[in-house]
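One-letter residues, chain by chain:
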Amino acid sequence: MSSTEAAKPNRDVIVGIDLGTTNSLVAIADERGPRVLVAPGERALLPSAVRYEGSADKPTTVVGDDAKERAVEFPLTTITSVKRLMGRSIADAAPDLAYLPYTVVEGEHATARVLLPLAGGSRVVSPQEVSGTVLGALKRRAEAVLGHAVSRAVVTVPAYFDDAQRQATRDAGRLAGLEVVRIVNEPTAAALAYGIGLERDASRNRKQDSVVAVFDLGGGTFDVSILRLTPAQVEGETSFFQVISTAGDTRLGGDDIDHALVALFTRELRERGWLDRGADPSPQVRRALKQFAEEIKHRLSAQEQARIRIDVGDGSGSRVYERTITRDELEAMSAELIGRAMRACETALRDASRELGARTQEDARRMIDAVVLVGGSTRMPLVRRRVAEFFGLEPYTAIDPDQVVALGAAVQGSLLSGGSRGSLLLDVVPLSLGIETVGGAVAKLVMRNAPVPARAVEMFSTSVDGQTSIKLAVYQGEREMASDCRLLGEFHLGGLAPMPAGIPQVEVEFLVDANGVLRVSAMERRTGRRASIQVIPNHGLTREEVDRMERESIAHAREDMTRHRVTDLIVNARLDIRWIEDRLTRLGERIEPAYRDELRGHVSRLRDLVDRAASDWQSVNPDEIHRAKELLDRSSVRLQELSIVESLRSRDA
Ligand code: AMP
């Protein structure tokens, strides 16, 4: 995009940037809603890693994936985790130095600087310059995607950053050619991304304060913040967020879990005699094991067990380390680390109690209205469970925990540039919400224009015998068939006891809360198995789309209704046919031949209609199917009686 550089900066656009310790992102909130800016073929996350190359007087830089991947090769010239040095004195940074592979030296006013050994000598750069390089890469990425220059940004920082650290972040922006129009606390941004604190309706503004907990567990750092939100009194304004307590550990995160796994692998490899006892594995082996560990950990967030296989020999297959790791095992290994995070939550809650006017910690806990999850490690089911238990609330997970801070920064940017929140903020559900049923129709649970908060519950069952897992697909839209609606998300309810079709009772609940977050949960009554999903139906939905979907639903109303009816008739008729055939076989000789023939005749006529309808729904009149089904139903009354008698007899026998 060579024209980009010359393009006039669009002063209206303010991007949101999450400048992270390990990864950074840039996002925007426009009429399509908040979204991360990413060029095709790129990953949304830009590793906050910068490699310096070339000569000391004119170095060049490589930013992102390449720098991160080759960090081991260039330990002294690849700068990672520079956020830990931002705005800090050499004394402040001392505890971190042991973990940084590059050289940190003292600069002016006792500040921490990085010393780079380059061709022709060494060069000293400030953490601001390094961060500025990362910000510059994000700026270019945003410009490439948007097609115009970008000059203003909202940048987030941890709640505990002091003035010097915040100022350093602004300076980094300036070095990248970005005016940092506001520095926002990361937990505040996360809350904004969920629409918390964005008022929709002035009449509802005079609400009480609310309290939000933000739990942020990333790769290497953990913090938890308790925010108080004082609602805005004027429509369109943001509420006032105040961080009333924060606690955490700057050396706690997913990396620790990876290390625990690596320690396990190493121990077992030693036991087999495939790794020297005592000696540390080589950096290459360690890196491979760490990568493996991380991959396994990710898989175990979605599945109950994962299998690993590493050829640690010469590739001939003589030394293949194979093992299955279960989620339970991983959770046992992680329990202590997560326990530390939970203790920090207690500290944060205790510190917040006074400010909240709560007499006990328990009172303070009850005052929390929402819990937001941030950071990749919050994808771990164990973390979600422990957080939910601790706060007594199901945390918000609808937004990707890696993106939530950047998206919130973009929302703030959009508000500052005079835009709206950038997506539909309504007091009502703009389009109906439902789930796909057998045959591809949508059963709507929450109807269009229902006021939020909204709740609906409906019972569903299975359509196939012995089903042990049910897929639930959540749709939005006014049309009758799923293929004409917008898919919001899918999840599986597994672990069901095999039962005949129609017997399991699955209770599906839809809950749209005041912030517009939809939680869909499914529970099978007999096994008590549960599964759920969270989505924000309005994200990515524009006013035009809502209008279009509404228009289409009117245009297709009659046709859609017929199709939905045909679909339901097909499903029900097939269940009837199956039941009757099953009874005919079971009762065998006990049914008089004439009656058997009569039933077979009805079944065959109905089956014929249903098969035709299934291949082309328009080829059959639904009334005709309905009539054929009724005939069969009426004539099968006697079969039901026979069947009851038979089952009583076999019970007595
Ligand atoms: P962040 O610093 O927020 O980018 O978080 C990165 C951390 O999240 C790393 O330790 C990742 O291994 C971890 N992570 C990312 N995805 C998952 C997942 N699906 N399950 C468990 N941990 C994850």
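Model, not experiment: these values are computed from the prediction. (Residues numbered from 1 in each chain as written. Predicted model: local features only at pLDDT ≥ 70, side-chain atom pairs only at ≥ 80, totals over all residues. Heavy atoms only, no water.)

Asks: What exactly am I supposed to notice about the overall build of the chain here?
Replies: Along the chain, the regular secondary structure elements total 17 helices and 26 strands. Counting only C-alpha atoms, the chain reaches 105 × 70 × 60 Å along its principal axes. A total of 653 residues make up the chain; the buried ones form 51% of that total. When contacts within the chain are restricted to residue pairs at least 6 apart in sequence, long-range pairs at least 24 apart make up 66% of them. Summing over all exposed atoms, the chain offers an accessible surface of approximately 30500 Å²; the carbon and sulfur share of this is 48%. A gap of 1 Å separates the mean positions of the 87 positive and 95 negative side-chain charges of the chain. (Helix = DSSP H or I, 4+ residues; strand = E, 2+ residues; numbered from the N terminus. Buried < 20%, exposed > 50% of the residue type's maximum accessible area, 1.4 Å probe, protein only. Contact = heavy atoms within 4.5 Å. Areas by Shrake-Rupley, 256 points an atom, 1.4 Å probe, with all protein chains shown as cover. Lys, Arg positive; Asp, Glu negative; His and termini not counted. Charge placed at Lys NZ, Arg CZ, Asp CG, Glu CD.)

Asks: Explain the environment of E552 here, please?
Replies: Examined against the element boundaries, E552 turns out to sit in helix α13 (residues 543-555). Under the relative-accessibility criterion, E552 is labelled partly exposed at 26%.

Asks: Would you take a moment to explain the domain arrangement of the chain for this structure?
Replies: Interface size is commonly expressed as the accessible surface area that is lost when the partners come together. Taken domain by domain, the chain holds domain 1 (3-252 + 336-427), domain 2 (254-335), domain 3 (433-540) and domain 4 (557-652). A C-alpha centroid distance of 38 Å is found between domain 2 and domain 3. (Domains from an automatic or database assignment.)

Asks: How should the packing of helix α14 (residues 557-587) against helix α15 (residues 593-615) be read in this particular structure?
Replies: The description of two helices packed together rests on the angle between their axes and the distance between the axes. In the contact formed by α14 and α15, the axes pass within 10 Å of each other and the chain directions differ by 150°. Compared by their axis directions, α14 and α15 come out roughly antiparallel. For the pair α14 and α15, the sense of crossing is left-handed. Listed contacts from α15 to V566, I570, A573, R574, I577, I580, E581 and L584 of α14 are R596, L599, R600, V603, L606, R607, V610, D611, A613 and A614. Partitioning the contact of α14 with α15 into residue classes produces twelve nonpolar, no polar and six charged. (Axes fitted to C-alpha atoms, helices over the stretch in contact; angles between N-to-C directions. Parallel < 35°, antiparallel > 145°, perpendicular 65-115°, else oblique. Left-handed = near helix turned anticlockwise from the far one by under 90°. Nonpolar A, V, L, I, M, F, W, Y, C, P; charged D, E, K, R; others polar.)

Asks: Can you walk me through the sheet that holds strand β23 (residues 486-493) in this structure?
Replies: In sheet architecture, strand pairing relies on hydrogen bonds along the backbone and comes in two forms, parallel and antiparallel. Strand order across the open sheet formed by four strands is β20-β19-β22-β23, with antiparallel pairing between neighbours. One side of each edge strand has no neighbouring strand; the edge strands of this open sheet are β20 (442-446) and β23. Direction aside, the axes of adjacent strands within the sheet are offset by 30° on average. Strand direction decides the pairing type here: strand β19 (residues 433-436) and strand β22 (residues 470-476), joined by three bridges, are antiparallel. Across the sheet, residue L433 finds its bridge partner in β22, namely Q476. (Pairing = 2+ DSSP bridges.)

Asks: Just to check I follow, could you spell out the site of the ligand for this structure?
Replies: Within the structure, the ligand sits among 16 residues, and E294, K297, H298, S301 and R379 are positioned closest to it. In the environment of the ligand, an oxygen atom lies 2.8 Å from a nitrogen or oxygen atom belonging to the side chain of H298. Take S377: an N or O atom from its main chain is 3.1 Å from an oxygen atom of the ligand. Protein chains shield 85% of the accessible area of the ligand, which is 510 Å² for the free molecule. Put simply, the parts of the chain that give the shell around the ligand at least two residues each are α7 (254-271) and α8 (283-302). (Near = heavy atom within 4 Å. Polar contact = N/O pair within 3.5 Å; in protein donor to acceptor, adjacent residues only side chain to side chain.)

Asks: Where do I start with the pattern of salt bridges in this structure?
Replies: Opposite charge on two side chains makes pairing possible when the charged atoms of those side chains draw close. Per the stated rule, a full pass over the model turns up 50 salt bridges. Here D560 makes a salt bridge to R479, at a shortest N to O gap of 2.6 Å. Of the two residues, D560 is situated in helix α14 and R479 in the loop between β22 and β23; the sequence distance between them amounts to 81 residues. Judged by relative accessible area, which is 3%, D560 ranks as buried. Note on R479: relative accessible area 7%, which makes it buried. When the shortest N-O distance is used, the salt bridge between E646 and R590 registers 2.9 Å. Separated by 56 residues along the polypeptide, E646 in helix α17 (residues 637-652) and R590 in the loop between α14 and α15 bring together distant segments of the chain. Residue class for R590 comes out partly exposed when judged on its relative accessible area of 42%. Beyond isolated ion pairs, a larger network of salt bridges with shared partners links R84, R88, D96 and R251. (Salt bridge = Lys/Arg side-chain N within 4 Å of Asp/Glu carboxyl O.)

Asks: What am I meant to see in the nonpolar core here?
Replies: A general tendency of soluble globular proteins is for nonpolar side chains to be buried together. Residues F215, F222, I226, F265, I368, V387 and F391 are the most contacted members of the largest nonpolar core, which totals 48 residues. Of all the elements, helix α9 (residues 327-356) adds the most residues to this core, at eleven residues. Counting the residues that make up this core, at least three belong to each of domain 1 (3-252 + 336-427) and domain 2 (254-335). (Core = buried A, V, L, I, M, F, W, Y, C linked by side-chain atoms within 4.5 Å.)

Asks: Explain the sheet that holds strand β5 (residues 50-54) here, please?
Replies: Read across the sheet, three strands follow the order β6-β5-β7 without closing on themselves; strand pairing throughout is antiparallel. The open sheet terminates on both sides in strands that have one partner only, identified here as β6 (59-63) and β7 (78-79). Direction of pairing for β5 relative to β7: antiparallel, over a ladder of two bridges. When the sheet's bridge partners are listed, V50 is paired in β7 with I79.

Asks: I tried to follow the environment of V180 on my own but got confused; where do I start?
Replies: Relative to the elements of secondary structure, V180 occurs in strand β12 (residues 179-185). Residue classification places V180 among the buried positions, given a relative accessible area of 10%. Residues V180 and G317, spaced 137 residues apart in sequence, show a C-alpha to C-alpha distance of 56 Å.

Asks: Just checking my understanding: could you explain the side chain of S353 for this structure?
Replies: Considering the arrangement of structural elements, one finds S353 in helix α9. Separated by 2.9 Å, the side chain of S353 and the backbone oxygen of L349 make a polar contact. Setting aside residues up to four positions removed in sequence, S353 forms contacts with A358, T360, Q361 and A364.

Asks: Honestly, α13 in this entry has me stumped. Any pointers?
Replies: Since the α-helix packs 3.6 residues into each turn, any two residues three or four apart lie on the same face. Taking 1.5 Å per residue, 13 residues should reach 18 Å; α13 reaches 19 Å between its end C-alpha atoms and fits that length. Within the span of α13, buried status applies to V546, M549 and S553. Down the axis of α13, the buried set is contained in an arc of 65°. They therefore lie on one face. Opposite the buried face of α13, at more than 90 degrees from it, the exposed residues are E544, R551, I554 and A555. (Expected span 1.5 Å × (residues − 1). Arc of directions from axis to C-beta.)

Asks: Looking at this structure, I do not really get the pairing of strand β16 (residues 305-311). What am I missing?
Replies: Regular strands place side chains that alternate from one sheet face to the opposite one. Where burial is concerned, the two faces of β16 differ: the one with A306, I308 and I310 is buried and the one with Q305, R307, R309 and D311 is not. Strand direction decides the pairing type here: β16 and strand β17 (residues 320-326), joined by seven bridges, are antiparallel. The residue of β17 that forms the bridge with I308 is R323.

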